[in-house]
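Chains, contacts and geometry: an overview
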Amino acid sequence: MNPITVIRSRTVVMPSTNIDTDQIIPARFLTTTVKEGLGASLFADWRYDAEGHAKPDFILNRPEAAGCRVLVAGRNIGCGSSREHAPWALVDFGFQAVVSTEIADIFRNNSLKNGLLPVVVDEATHAWLLANPGAEVEIDLAEAQLRIDGRDPTPFPIEAFSRYCLLNGVDELGFLLSQDAAISAHESAAPDARRSA
Amino acid sequence: MSSLRTLFEKVWSAHEVLPQSADTPAVMFIDLHLTHEVTSPQAFSALRERGLKVRRPDLTLATMDHSTPTRTEQVFGGAPITIDSAAKQIRQLERNCAEFGIELLGLQDARRGIVHIIGPELGITQPGKTIVCGDSHTSTHGAFGALAFGIGTTEVGHVLATQCLLQKKPRTFAVEVDGRLPAGVTAKDLILALIGQIGVSGGTGYVIEYRGEAIRALSMEERMTVCNMSIEAGARAGMIAPDEVTFEYLRGRPRAPQGAAWDAAVARWRALPSDPGAVFDKTVRLDASALQPMVTYGTNPGMVVPVGGSIPKRAGDPVFDAAMKYMGLVPGEPIGDAPINVVFVGSCTNGRLSDLRAAANVMRGRKVAAGVHMLVVPGSQSVKRDAEAEGLDEIFRAAGAEWRESGCSMCLGMNGDTVGKGEYAISTSNRNFEGRQGVGARTLLASPETAAASAIRGRVTDPREFLS
Ligand code: SF4
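Residues numbered from 1 in each chain as written. Chains lettered and ligands numbered in written order. Predicted model: local features only at pLDDT ≥ 70, side-chain atom pairs only at ≥ 80, totals over all residues. Heavy atoms only, no water.

Right, let's get into the overall build of chain B. Scanning chain B from terminus to terminus reveals 17 helices and 19 strands. Overall, the C-alpha framework of chain B stretches about 55 × 55 × 45 Å when taken along its three principal axes. Across chain B, contacts joining residues at least 24 apart in sequence account for 74% of those joining residues at least 6 apart. Element-wise, carbon and sulfur atoms account for 51% of the exposed surface of chain B, whose accessible area totals about 15200 Å². (Helix = DSSP H or I, 4+ residues; strand = E, 2+ residues; numbered from the N terminus. Contact = heavy atoms within 4.5 Å. Areas by Shrake-Rupley, 256 points an atom, 1.4 Å probe, with all protein chains shown as cover.)

Structure follows, in structure tokens:
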């Protein structure tokens, strides 16, 4: 995972509310056993017609979406299935951040583990972003701020540990592995099946 | 701080290897890790890349359900599996389990089934456990008073390697359901009505505890239906306090504790229910006696009305308009006019024996309407055997429905069991998202009773018409 510090990009706006992970990556693409290459199937049913041709009016197919790394979505993006293929597909396509007023729990967790920054902003900032597709934004992870020229910076919540991992490009598994002694102590103190059989 | 604790808080604190701090999330021990073919391959690859082994294979159980075929000849007869990549994924799980020493209930195993159905059946789902799976409907197991939730594939790797997860402590949400469900109104209707009330993100950040007279009166299978759809309200987990109903269900199951260990376990489990007066971060109330059979009309599970009701009008709401356009339904029209082309009875929500009995009870001696395709897919091989022993398969076949081997099947259409473009499916599953059951498929979620009644009439039908 590459470290994230500051993301500067124009936005792609998808105003639909409750964009679920079945839309982000439909189930028929989940028979893969690797993470790579899912970007081609990102939003497949919205992006391609029945013959597999790109629909010219879908936002991700439009020229202005090229190179954008920030997706602004309607409220409650990522609801539904726990498939990590959803952030894998977004990252493979080139996104580094998803911005909304609500981001579903499992999708948020999965995003944090793949260098996709979940940015929950207030209603007013969100409304402005929805109304100004293609706006240039700056997302500063160290400061936990989203900045737009001419507006006050918008803070967003991020746990200290996740921020540390993202800023340094390290994954969480290393930390868990370093807790081996505590885990062993817990296993032997437990009254039930936690003890080794 | 109050010393009165909720069920969730008791289970949570008993599994904290390290509590949450300002700098790090809590390290939580996981008692049972269920895994399946779709969300695990990349996790095993991650272990391989780092030279790690599985810490607790004895607490890990694998099965295959999502991309598996449901046609008998493909499961048992050696016929090739229709979808190549699915067949490859199945073989990959077999290899991964063999290499890492994990028990696998494989394609032809008599104990195989949808992961959330077999855990309870085997008695390995137990009160007070922490249970995870790379699947959002892991919430189902909360019906036993376990803390059970879905995780992503990276986290599957974390649990394989360390038997632990890093977690931020969620908040608690009491759903108090008073009264009793009227005849013909089911646990599915209850949970759909709740989601309709609080919305599809109403539970985000919370663990729900379902409480009250109506919940106590539910069977274990009904409780599982309720907890299953907690995620459709945005909550990662839903829990119900264990009681005599729970213990009776588990007693004597192959992987439940036996003998003195059983008595000791029950004694521990009796201490789990929330202390009277324990405080929840949020509460809603629902009156079960006022509920009716429910059906969804839109593209998320919160877009739901009583079967006798009409599709609401929401002028000037472009998201709502898009959902109506996708569904091809007209705001203001009775939902009872909606045509049905496909009927699916199955899934981890409603694929247990009592669900099949309920559907068969409506279908007995009746026929699926002309032009309607009905698929009945038991949730597990054990459910299939039990249903066949009672002759339920004969009732479905005589009505004109197809009877298959177990699996997720048309709930998500990964294995080729799909609904056609533009077709209307009434389904006992849990998600009516665009394309969930096939490209362009239009899903209406309902109970097994409502699905069966609608199969007979070929349009959305109140099952109480058939239950006299
Ligand atoms: S039956 Fe449906 S919801 Fe349940 S585990 Fe399978 S795909 Fe997921």
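Residues and elements named next belong to chain B. Spatially, E17-E16-E15-E18-E19 is the arrangement adopted by the five strands of the open sheet, whose pairing is parallel. Each edge of the open sheet is held by one strand with a lone partner, namely strand E17 (402-403) and strand E19 (442-445). Sheet topology places strand E16 (residues 373-376) next to E17; two bridges connect them, and they run parallel. Directly across from Val376, in E17, lies its bridge partner Trp403. (Pairing = 2+ DSSP bridges.)

With that out of the way, let us pick up the domain arrangement of chain B. Residues and elements named next belong to chain B. Taken domain by domain, chain B holds domain 1 (7-167), domain 2 (171-241 + 266-289) and domain 3 (293-465). Spacing between the C-alpha centres of domain 1 and domain 3 amounts to 28 Å. Facing 25 residues of domain 1, the contacting portion of domain 3 comprises 25 residues. Here domain 1 and domain 3 share one salt bridge between them. Note that Glu402 and Arg71 form a salt bridge whose closest N and O atoms lie 3.9 Å from each other. Our enumeration of links across domain 1 and domain 3 arrives at 13 residue pairs in polar contact (both at pLDDT 80 or more). (Domains from an automatic or database assignment. Salt bridge = Lys/Arg side-chain N within 4 Å of Asp/Glu carboxyl O. Polar contact = N/O pair within 3.5 Å; in protein donor to acceptor, adjacent residues only side chain to side chain.)

With that settled, consider unusual backbone geometry. Leaving glycine aside, a negative phi is the common case for residues, and trans is the common case for peptide bonds. Positive phi, normally seen in glycine, also occurs at Asn18 of chain A, with a value near 55 degrees. Topologically, Asn18 of chain A is positioned in the loop between strand E1 (6-14) and helix H1 (21-24). Of note, Ser409 of chain B is a non-glycine position whose phi angle comes to about 50 degrees, a positive value. Examined against the element boundaries, Ser409 of chain B turns out to sit in the loop between E17 and strand E18 (424-427). On the accessibility criterion, Ser409 of chain B (0% relative accessible area) is buried. (Buried < 20%, exposed > 50% of the residue type's maximum accessible area, 1.4 Å probe, protein only.)

Another point: the interface of chain A and chain B. Each partner contributes residues to the interface: chain A has 57 residues there, and chain B has 60 residues. Interface area, chain A with chain B, both sides summed: about 4800 Å², of which 58% is carbon and sulfur. Applying the counting criterion to the chain A and chain B interface returns seven salt bridges. One salt bridge connects Arg56 of chain B with Glu187 of chain A, and the closest N-O pair in it is separated by 2.9 Å. Broken down by element, the residue count for the side of chain A that touches chain B peaks at six residues, all from helix H8 (residues 180-189) of chain A. Taken together, the residues of the side of chain A that touches chain B break down into 18 nonpolar, 20 polar and 19 charged. (Buried area = accessible area lost by both parts, 1.4 Å probe. Nonpolar A, V, L, I, M, F, W, Y, C, P; charged D, E, K, R; others polar.)

Let's shift gears to the environment of Cys164 of chain B. Within the secondary structure layout, Cys164 of chain B lies in strand E8 (residues 164-167). For Cys164 of chain B, the contacting residues outside a window of four places in its chain are Leu176 and Ile183 of chain A together with Val17, Val27, Met28, Phe29, Ile30, His158 and Val159 of chain B.

Here we take up the site of the ligand. Taken together, the residues surrounding the ligand are His66, Ile114, His116, Asp135, His137, Ser347, Cys348, Cys408, Cys411, Leu412, Asn430 and Arg436 of chain B. Two domains each put at least three residues into the shell around the ligand: domain 1 (7-167) and domain 3 (293-465) of chain B. (Near = heavy atom within 4 Å.)

Our focus in this paragraph is the pairing of strand E2 (residues 70-73) of chain A. All names here are of chain A. The two faces of E2 match: Val70 and Val72 on one face and Leu71 and Ala73 on the other face are all buried. Summarising the sheet, E1 and E2 pair through four bridges and their orientation is parallel. Paired with Val12 across the strands is Leu71, a residue of E2. One ladder, built from three bridges, connects E2 with strand E3 (residues 97-100); its direction is parallel. Paired with Val72 across the two strands is Val99, which belongs to E3. Considered for its hand, the β-α-β crossover made up of E2, helix H3 (residues 85-93) and E3 is right-handed. (Right-handed = clockwise from strand over helix to strand, strands pointing away.)

Moving on: the environment of Val307 of chain B. Residues and elements named next belong to chain B. Take Val307: it is sitting in the loop between strand E14 (304-306) and helix H12 (318-327). Val307 gets classed as buried once you look at its relative accessible area, which sits at 6%. C-alpha separation for the pair Val307 and Val295, spaced 12 residues apart in sequence, amounts to 5.7 Å. With residues near it in sequence (within four places) discarded, Val307 still touches Pro293, Met294, Val295, Ile335, Gly336, Thr450, Val460, Thr461 and Asp462.

Bringing the packing of aromatic side chains into the picture now. All names here are of chain B. In total, this model carries 13 aromatic pairs over all chains according to the counting rule given. Ring geometry for Phe8 and Trp12: centres 5.7 Å apart, planes at 45 degrees, overall tilted. Linking Phe8 with Trp12, this pair stays in helix H1 (residues 7-14), spanning four residues, or about one helical turn. For the residue pair Phe8 and Trp12, the accessibility class agrees, reading buried in each case. (Phe/Tyr/Trp six-rings, centres within 6.5 Å; stacked < 30°, edge-to-face > 60°.)

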